Amino acid sequence: MASSNNQEIPEGTVRNLMEQDTLKWVFVGGKGGVGKTTCSSVLGILLSQVRSSVLIISTDPAHNLSDAFQQRFAKTPTVVNGFTNLYAMEVDPTIENEEGGSEGVDGFFSDLANAVPGIDEAMSFAEMLKLVQTMDYSVIVFDTAPTGHTLRLLQFPSTLEKGLAKIMSLKSKFGGMLSQMTRLFGVDDEFGEDAILGKLEAMRDIIEQVNRQFKDPEMTTFVCVCIPEFLSLYETERLVQELTRFEIDTHNIIINQVLFDVEVVESQLLKARMRMQQKYLDQFYTLYDDFNITKLPLLPQEARVYRKQLLCILKGLWC
């Protein structure tokens, strides 16, 4: 059990993530406002020192990745200024592809897929994963949205597998009905049943592969980011339980915005907050004694403009 003396709490790092060279997917998530983007950015920088190529993907509709690096990112990977092997992109997996309209096999495929509850968002996520898979990055870091959105995102591969299996069963259950449906949707014969089934099969193969990888602790892990407060502790506990239910590995927690150096603080308000933080730090170390827990300091300025402190974050996560 952790001591209330701050100096006696063992310091953790994310060195284990740097040394696990089999990792392909690293998800970073937690409650809103705890510093997920800062931690994702720093993890990406650290990984770029030990991997051949690293991609950071923001899946949060309220993107902050561009602000963190002070560089504009969009839905295609862009090399981060000052690096040769670190890339970043910002996507919203909940937005359906607006290109191509509803014509041909793609239009029918979209309409048919959307008939399965929850599969519309999953399809967009799958298209993004398909794009990423073809780019052959050594490791991909996901800067995710707040917990609820992230948990739904992590369910997408399973949702897709079930949904595509349901759609594929139309052929065996209803025989020529799929051909009639293609004509009903106005799909030309050359983009008929075989083309649609071929596209579904290809999509299912990719999703099955990703689903296996997500549940493989050698290839996928989830880094929980939090702050030493009650709501964040509660959210982290919920997140860890759900990740366990989804069979997704998690063994790293980053506790951000920690106040240090209580001896030199004169403000009664800061002293009170330090005591409050210490209570929750003790609880984190008690609940997650088998996790790698890393503490990061509360910065006097934003990390994106406070370069010296950003270097301290790098050192704190690594040393």
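The written sequence of each chain sets the order in which its residues are numbered from 1. Totals for whole chains, interfaces and linings use all residues, but because this is a predicted model, local features are given only for residues with pLDDT of at least 70 and pairs of side-chain atoms are given and counted only at 80 or more. To obtain the side-chain values, all non-hydrogen atoms of the structure were included, while hydrogens and water were left out.

Peer 1: So what exactly am I meant to see when it comes to the overall build of the protein chain here?
Peer 2: Counting its regular elements, the protein chain contains eleven helices and eight strands. Of all 319 residues assigned to the protein chain, the portion counted as buried reaches 50%. Throughout, a contact is declared for two residues whenever any of their heavy atoms are within 4.5 Å. Pairs at least 24 residues apart make up 80% of the contacts formed inside the protein chain by residues separated by at least 6 positions. Accessible surface, the protein chain as shown: approximately 15,500 Å² in total, 50% of it carbon and sulfur. Here a strand is any run of E in DSSP of at least two residues, a helix any run of H or I of at least four, and the numbering for each starts at the N terminus. Buried means the residue's accessible area, taken with a 1.4 Å probe over protein chains only, is under 20% of the maximum for its type, while exposed means over 50%, and partly exposed covers the values in between. To measure how exposed things are, a 1.4 Å probe is used in the Shrake-Rupley method; for residues, cover is taken only from the protein chains shown.

Peer 1: Looking at this model, I keep getting lost on a nonpolar patch on the surface. Mind explaining?
Peer 2: Together, Phe230, Leu231 and Tyr234 give the surface a local cluster of nonpolar side chains, amounting to about 350 Å² of exposed area. Relative to the helices and strands, Leu231 resides in helix α9 (residues 230-245). Think of a patch as exposed residues, more than 30% relative accessible area, with no salt bridge, where like charges cluster within 9 Å and nonpolar side chains (Val, Leu, Ile, Met, Phe, Trp, Tyr) cluster within 5 Å. Salt bridge criterion: a side-chain nitrogen from Lys or Arg within 4 Å of a carboxyl oxygen from Asp or Glu.

Peer 1: Whenever I open this one, the UniProt feature "binding site: ATP" (unreviewed entry) in the protein chain confuses me. Can you help?
Peer 2: UniProt positions are given in the numbering used here, feature names are shortened, and annotations may be inferred rather than shown by experiment. The residues that UniProt annotates with the feature "binding site: ATP" (unreviewed entry) are Lys31, Gly32, Gly33, Val34, Gly35, Lys36, Thr37, Thr38, Glu229 and Asn256. Within the secondary structure layout, Val34 lies in the loop between β1 (25-29) and α2 (36-48). If sequence neighbours within four positions are ignored, Val34 has contacts with Val225, Cys226, Ile227, Ser232, Asn256 and Gln257. Tracing the sequence through the fold places Gly35 in the loop between β1 and α2. Setting aside residues up to four positions removed in sequence, Gly35 forms contacts with Val225 and Asn256.

Peer 1: Just checking my understanding: could you explain the environment of Lys24 for this structure?
Peer 2: Tracing the chain through its elements places Lys24 in the loop between α1 (15-19) and β1. Judged by its relative accessible area of 13%, Lys24 falls in the buried class. As a C-alpha pair, Lys24 and Phe214 span 190 residues in sequence and 9.1 Å in three-dimensional space. Within the structure, Lys24 has its side chain in polar contact with the backbone oxygen of Tyr137 (distance 2.8 Å). Two N or O atoms form a polar contact when they lie within 3.5 Å of each other; inside protein one atom must be a possible hydrogen donor and the other a possible acceptor, and for residues adjacent in sequence the pair counts only when both atoms belong to side chains.

Peer 1: What is the right way to read the pairing of strand β5 (residues 139-143) from this model?
Peer 2: Every other side chain in a regular strand lies on the same face of the sheet, so the side chains alternate between the two faces. The element β5 is extensively covered by neighbouring structure, given that five of its five residues are classed as buried. Burial along β5 is two-sided: the residues Val139, Val141 and Asp143 and Ile140 and Phe142 are all buried. Any two strands with at least two DSSP bridges between them are considered paired. Here five bridges tie strand β2 (residues 54-58) to β5, and the two strands are oriented parallel to one another. Its bridge partner being in β5, Val54 is matched across the sheet by Val139.

Peer 1: So what exactly am I meant to see when it comes to the packing of aromatic side chains here?
Peer 2: Two numbers describe a pair of aromatic rings. These are the distance of the centres and the angle of the planes. Between 30 and 60 degrees the pair is tilted, below 30 it is stacked and above 60 it is edge-to-face, where a pair is any two Phe, Tyr or Trp rings, Trp via its six-membered ring, whose centres lie within 6.5 Å. For the structure shown, the criterion picks out ten aromatic pairs. With a centroid separation of 6.1 Å and an interplanar angle of 85°, the aromatic rings of Phe69 and Phe73 are classed as edge-to-face. Among the residues examined, Phe69 registers a relative accessible area of 13% and is labelled buried. For Phe73, a relative accessible area of 1% gives the class buried.

Peer 1: Where do I start with the environment of Ile253 in this structure?
Peer 2: Examined against the element boundaries, Ile253 turns out to sit in strand β7 (residues 252-258). For the pair Ile253 and Asn292, spaced 39 residues apart in the sequence, the C-alpha separation amounts to 6.2 Å. Excluding residues within four positions of it along the chain, Ile253 makes contact with Cys224, Cys226, Thr236, Tyr288, Phe291, Asn292, Ile293 and Thr294.

Peer 1: How should unusual backbone geometry be read in this particular structure?
Peer 2: Note on backbone geometry: most residues besides glycine have negative phi, and most peptide bonds are trans. Backbone geometry at Gln70 places phi at a positive 55°, although glycine is not the residue there. Positionally, Gln70 belongs in the loop between α3 (65-69) and β3 (78-79). Taking the relative accessible area as the measure of exposure, Gln70 reaches 43% and is therefore partly exposed. The residue Glu247 is not glycine, and still its phi comes out positive at about 65°. Structurally, Glu247 can be placed in the loop between α9 and β7.

Peer 1: Which parts of the structure should I look at to understand the pattern of salt bridges?
Peer 2: If charged atoms from side chains of opposite charge come close, those side chains can pair. All chains considered together, the criterion is met by five salt bridges. With a closest N to O distance of 3.7 Å, Arg72 and Glu90 form a salt bridge. Of this pair, Arg72 sits in the loop between α3 and β3 while Glu90 sits in strand β4 (residues 86-90), placing them 18 residues apart in sequence. Owing to a relative accessible area of 66%, Arg72 belongs among the exposed residues under this scheme. Among the ionic pairs, Arg245 bridges to Glu242, the shortest N-O distance being 2.8 Å. Of the two residues, Arg245 and Glu242 are both situated in helix α9; the distance of three residues between them amounts to about one turn of the helix.

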